[in-house]
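Inside the fold
Here are the chains, one letter per residue:
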Amino acid sequence: PATISVKELAEVLGKKGSDLVMALMKKGQMLNINATLDFDSAAAIAEDYNVILEKEEEKDIMETVFAEEEDDEKDLQERPPVVVVMGHVDHGKTSLLDAIRHSNVTKGEAGGITQHIGAYTVQIDGKPITFLDTPGHEAFTAMRMRGAQITDIAVLVVAADDGVMPQTVEAINHAKAAGVEIIVAINKMDKPSANPDRVKQELVEYELLAEDWGGQTICVPVSAATKEGIDTLLEMITLVAEMKELKANPKKKARGAIVEAQLDKGRGPVATVLVQNGTLQVGDPIVAGAAYGKIRAMTDDKGRRVKKAGPSTPVEILGLSEVPSAGDSFYVAESEKQARQVAESIIAKNRENLIKETPQKVSLDDLFSQ
Ligand code: GDP
Ligand code: MG
């Protein structure tokens, strides 16, 4: 069975090993940095940090069955960047995402804006940018843990009146560990107490040196409240994305990630997925962990029915057998039968692991009460 050391787990969580040891101690778990944890204990700790751990085995099964087809160079096309907004609580992530979304609504879409599907695409001078709109940085970390790197750029929101705070540092660590480019949005510039220079000063310690200070880090002063600077921020994202030359092949079968999912009373399991490569179509048989099914209907981020979704496009899908987990990868199978078989082998594997690991979970109390 899978094990991980406290030290390795700390790395995964973007924390210092000694900090994790301390945090565990406060919760009554005395573990030294080299102690090994079984999967369930590690997963339970990770959950406290909004990180979902996944067993390698599941990924292995998927990657074996759905080995990625080689791309013909001529089939590769530019794809939109996928952007996540991270930062300390109350620094304005939600406000910024809302401001971006609303700044981009055309008249025809006004009704669709109430639609919330966990990710949306905005057009900046005809260039699309996809934003993940999930609470906190949960999705980002969960997906990174699952090896499915789905974001290209992280917008780090730092409130100009508050500066770098613990979750700012966590976000920086996560983005760096994942090799994701960071653009800093210095928010709340409308406040009289705003001090952008202090923010830049504090960021130096984390190797984020602002461009106007001779560094490489793009820092954009913004206000989600007055919308000041939002256009510049979006332009910068487009600029960084262009330099990255992000490509995908819309001609192949789709694969991607579950952004969020829930059970709808009338419609059954509903999942927001982000297509990472290929094109997803209504009728495609898909599998995501233990969930499988044929896509019955797809809706875009404006609430419109669509039949297809290409790379970097978020869509809501219906037709899965159960609710998949956010952060799971999804794959299009050859047939519905294959999708079901893969899901069943994952369910069987999970059950097998559960049986294998059960004896280890016997506590001292259990032993003495016998
Ligand atoms: P989150 O926790 O990072 O998602 O932060 P929120 O978006 O919920 O914002 C936290 C608080 O800061 C709310 O009361 C917002 O109204 C406020 N806020 C966010 N952006 C700005 C801004 O640009 N200027 C001002 N004055 N307040 C802001
Ligand atoms: Mg929020």
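To be clear, the structure that these remarks concern was listed above.
This write-up is about the structure you can find in this document. (Residues numbered from 1 in each chain as written. Chains lettered and ligands numbered in written order. Predicted model: local features only at pLDDT ≥ 70, side-chain atom pairs only at ≥ 80, totals over all residues. Heavy atoms only, no water.)

Our next topic: the sheet that holds strand β5 (residues 119-124). Pairing between sheet strands relies on hydrogen bonds along the backbone, with the strands arranged either parallel or antiparallel. The sheet built from 6 strands is open, its strands ordered β5-β6-β4-β7-β8-β9 with mixed pairing. Because the sheet does not close on itself, it has two edges, and the strands there are β5 and β9 (219-221). Within this sheet the neighbouring strands show an average axis-to-axis angle of 30°, counted without direction. Here β5 runs beside strand β6 (residues 127-132); their pairing, made up of 6 bridges, is antiparallel. Bridge assignment links Tyr-120 to a residue of β6, and that residue is Phe-131. Against the sheet, helix α7 (residues 166-177) contacts β4 (82-87), β7 (153-159) and β8 (181-187), and its axis sits at roughly 165° relative to β7. (Pairing = 2+ DSSP bridges. Helix = DSSP H or I, 4+ residues; strand = E, 2+ residues; numbered from the N terminus. Axes fitted to C-alpha atoms, helices over the stretch in contact; angles between N-to-C directions. Contact = heavy atoms within 4.5 Å.)

Next up on the list: the pattern of salt bridges. If you walk through the whole model with that rule in mind, you get 23 salt bridges. Residues Lys-15 and Glu-170 are paired through a salt bridge, measuring 3.3 Å at the closest nitrogen-oxygen approach. Taken as a pair, Lys-15 in the loop between α1 (6-13) and α2 (17-26) and Glu-170 in helix α7 lie far apart in primary sequence, 155 residues in all. What makes Lys-15 partly exposed here is its relative accessible area of 24%. Classification of Glu-170 as buried rests on a relative accessible area of 16%. (Salt bridge = Lys/Arg side-chain N within 4 Å of Asp/Glu carboxyl O. Buried < 20%, exposed > 50% of the residue type's maximum accessible area, 1.4 Å probe, protein only.)

Moving on to the packing of aromatic side chains. The full count for this structure, using the stated rule, is 2 aromatic pairs. Plain terms: the ring middles of Phe-66 and Tyr-331 are 5.1 Å apart, the flat faces sit at 15° to each other, and that makes the pair stacked. Placement of Phe-66 in the loop between α4 (56-65) and β3 (77-78) and of Tyr-331 in strand β19 (residues 329-332) is noted, with a sequence separation of 265 residues between them. Under the relative-accessibility criterion, Phe-66 is labelled buried at 8%. Given the relative accessible area of 4%, Tyr-331 is considered buried. (Phe/Tyr/Trp six-rings, centres within 6.5 Å; stacked < 30°, edge-to-face > 60°.)

Every one of the 15 residues lining ligand 1 counts as a neighbour, but Asp-90, Lys-93, Thr-94, Ser-95 and Asp-190 are closest to it. For ligand 1, an oxygen atom lies 2.6 Å from a polar atom in the side chain of Ser-95. In the environment of ligand 1, an oxygen atom lies 3.3 Å from a nitrogen or oxygen atom belonging to the side chain of Ser-223. Burial of ligand 1 by the protein chains amounts to 69% of its free accessible area of 580 Å². It is helix α5 (residues 93-103) that contributes the most residues to the shell around ligand 1, 3 residues altogether. Looking at side-chain class alone, the shell around ligand 1 contains 3 nonpolar, 7 polar and 5 charged residues. (Near = heavy atom within 4 Å. Polar contact = N/O pair within 3.5 Å; in protein donor to acceptor, adjacent residues only side chain to side chain. Areas by Shrake-Rupley, 256 points an atom, 1.4 Å probe, with all protein chains shown as cover. Nonpolar A, V, L, I, M, F, W, Y, C, P; charged D, E, K, R; others polar.)

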